[in-house]
Protein chains: 2
Amino acid sequence: MAMAMHGARRAMHEYDCEFERLNEEIARRSAKKVGIQLPAGMKRLATEIAENLSKCGVEVIISGNSCYGACDIDENLAAVVDVLFHFGHSPVRTHLNVVFVELRCTIDVKPAVEEALKYLNGSRICITTTVQHVHTLNEVAELLIRSGRHPIIGKVGKKGNEVGGVHAIYDGQVMGCDLRAAMVECDEILFVGSGDFHPTAIAMNVCKRVVSADPFTRRVGVFTPENLIKKRILRVERAMSASSFGIIVSSKSGQFNMQIARNIREKAEKRGIRSFIIMIDDIREEALCNFDLDAFVITACPRLVDTLSVEKPVISVREFEIVMGERKLDELIPKPNAATHSDSELLSKE
Amino acid sequence: MAMAMHGARRAMHEYDCEFERLNEEIARRSAKKVGIQLPAGMKRLATEIAENLSKCGVEVIISGNSCYGACDIDENLAAVVDVLFHFGHSPVRTHLNVVFVELRCTIDVKPAVEEALKYLNGSRICITTTVQHVHTLNEVAELLIRSGRHPIIGKVGKKGNEVGGVHAIYDGQVMGCDLRAAMVECDEILFVGSGDFHPTAIAMNVCKRVVSADPFTRRVGVFTPENLIKKRILRVERAMSASSFGIIVSSKSGQFNMQIARNIREKAEKRGIRSFIIMIDDIREEALCNFDLDAFVITACPRLVDTLSVEKPVISVREFEIVMGERKLDELIPKPNAATHSDSELLSKE
């Protein structure tokens, strides 16, 4: 199963920080105060980036908060600066004073991918990655062809943007809330990138074996869907006997959805289940443990349910619909190669 | 030393929730949406309070975020409700749609205090408490007199409010940022309440032995200042060799102070010390560990420096002034019975 690959120290030269563009933005906006926001794994770059930007004579303020995606803009920081540079994610919405910097990685992905080739069993291989490595996909495809495989890069196209909401914008790009690039006819999936967040999401929602190749550590991970899906089913079954629910709403503007929470509450109350709407910024274990409730439904990022390790069952909106008898439990087992309705699509439907 | 007394489950009948007043406020404001916010130790009451308020036909949303004091209003929640009931703290500022509910505790403090009497060595005893038990201080004084001691209840009077900022409003009441009630001529200090946050603050800043009596668990804790102050001095001495500083600004409106951060940055840069302003909502260990810096200065709640357990030295603004050579290290050793300039006064001076 997964190998967690956290804490790898990143150096600024490993990424394209687009300083020229950032300096232009600063000049164009006559910005005096600049905010910078980075996801946890890249926060180590913050001080170097700050020093670089300071050379323009601006005051730089670094966000020290968690940052889980393009949906997670530090609004408090954005409110006190002229421009906020949000690093590491592709844009999903337009924000007046937020500039997205995708941080394309300059590191060579070949060694990691070559190592991963040893673990791939299938012949038709879907290649997926995060925005940092999306420019390397053709190179990865070449390596697969040379090893006798048939590479496939899943299209996300313009469709995603038309639907609106949280979406990947590059073919082959996956996000916690958008796995379209992995939902293609294939035998197995190769993920190029760090961590187990994305490969776990793919394995579980697409129901295929995923091999991950980390370009930084050159380590390979293998993710098989069976156990992950079994865990999910167990969680939903446990939630079925809950007599009280916490309905968790995120206060992050890109994940805030009070209407879904209200719908859930209505359904629960109709069935005589006590339920409470709880609004949280950073949805972590400790926050949920404070409440004496039997189970929780998360209306924010659909991937949170797989990453939180709380003793009580924590389920997604779609899983809650199963608990309410509106969907069948076997919907949790994705059908390979079908246009699966995964949790990842929930946010885009709103 | 201290015994941590966390996680004690609280029942609603142990507190005066002032439902009559809350219902009046709801009616007076024609509120349809009501937010409720409680500190961690009291969050267990949230669902019961929500159910009670729901009887008026309002929608209740519970804050799941941390809540460290009256300075820590959940602004995101306040923005989406008609009125936010903030429980467990006395008001320090006026907020348009925030109502403070002090949650006076109905539990008998006598058994815990009687137990604490066995541990008090001195004769002139200063009695301190939090807002939950402040109405019991005369009763506590009676018990002390009966045991042959001379009880003293420190005045905080109107002066605090006149100065403005974060302040206790009841005689005998202590807060992390206001220990005036403990800064009186006495031999030892009795603290009536739960946890070690307040007694630690008193012991360290007033430099006296503190005995705590928890009315809920009836457990007694003894807090001696020597080790606490030694730790603080060590921390400051370690910060003296730091060549880079993170200057932490809180985005909590009641703790936000960018000007102090700028002053610190200016001083650091003048001495050739690299420094970076970092804005954080919930200042916890994990947030600081993300940055590759030698030390941190906290411009938010002055008590945070004692509660964070980070490997790097984390110091207060006043301690930073010692590092910069503007104050002497021996200022960290409070002089008993003097009108000590403690860290707790910093916020009130702005």
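Residues numbered from 1 in each chain as written. Chains lettered and ligands numbered in written order. Predicted model: local features only at pLDDT ≥ 70, side-chain atom pairs only at ≥ 80, totals over all residues. Heavy atoms only, no water.

So, the packing of helix H7 (residues 197–207) of chain A against helix H8 (residues 225–239) of chain A
Helix-helix packing is described using two parameters, namely the angle between the two axes and the distance between the axes.
Residues and elements named next belong to chain A.
(1) Moving on: Axis separation between H7 and H8 bottoms out at 9 Å; the angle between their running directions is 80°. One finds that H7 runs roughly perpendicular with respect to H8. When H7 is examined against H8, the residues Thr200, Ala203, Met204, Asn205 and Cys207 are found in contact with a partner set consisting of Pro225, Leu228, Ile229 and Arg232.
(2) Moving on: Here the contact of H7 with H8 is built from residues that sort into six nonpolar, two polar and one charged. (Axes fitted to C-alpha atoms, helices over the stretch in contact; angles between N-to-C directions. Helix = DSSP H or I, 4+ residues; strand = E, 2+ residues; numbered from the N terminus. Parallel < 35°, antiparallel > 145°, perpendicular 65-115°, else oblique. Contact = heavy atoms within 4.5 Å. Nonpolar A, V, L, I, M, F, W, Y, C, P; charged D, E, K, R; others polar.)

A short note on the relation of the copies chain A and chain B
(1) Moving on: Overlaying chain A with chain B gives an RMSD of 0.0 Å, the required rotation being 180° about an axis along which the chain moves by 0.0 Å. As the rotation angle and translation indicate, the two copies are arranged about a two-fold axis.
(2) Moving on: Comparing interface residues between copies, 100% of those in chain A also lie at the interface in chain B; the contact surface is shared. (Least-squares fit on C-alpha atoms with pLDDT ≥ 70 in both.)

Things to note about the interface of chain A and chain B
(1) Moving on: If you look at the interface, chain A gives 39 residues, while chain B gives 39 residues.
(2) Moving on: For the pair chain A and chain B, the two sides together bury roughly 3400 Å², of which 51% comes from carbon and sulfur.
(3) Moving on: Linking chain A with chain B are six salt bridges.
(4) Moving on: The partner of A:Glu59 in a salt bridge is B:Arg262, and the shortest N-O contact between them spans 2.7 Å.
(5) Moving on: Secondary-structure elements contributing two or more residues to the side of chain A that touches chain B are helix H2 (46–54), strand E3 (59–63), helix H3 (75–80), helix H9 (258–270), strand E13 (274–280) and helix H10 (285–289) of chain A. (Buried area = accessible area lost by both parts, 1.4 Å probe. Salt bridge = Lys/Arg side-chain N within 4 Å of Asp/Glu carboxyl O.)

Description of the sheet that holds E13(A)
(1) Moving on: Taken together, the eight strands give an open sheet; going across it, the order is E15(A)-E14(A)-E12(A)-E13(A)-E3(B)-E2(B)-E4(B)-E5(B), and neighbouring strands pair in parallel fashion. The sheet is open, and its two borders are formed by strand E15 (314–316) of chain A together with strand E5 (98–101) of chain B, each paired with just one other strand. Pairwise comparison of adjacent strand axes, ignoring direction, gives a mean angle of 30° for this sheet.
(2) Moving on: Contacts from helix H1 (residues 19–28) of chain B reach strand E2 (33–37), strand E4 (83–87) and E5 of chain B within the one sheet, and its direction differs from that of E5(B) by about 175°. (Pairing = 2+ DSSP bridges.)

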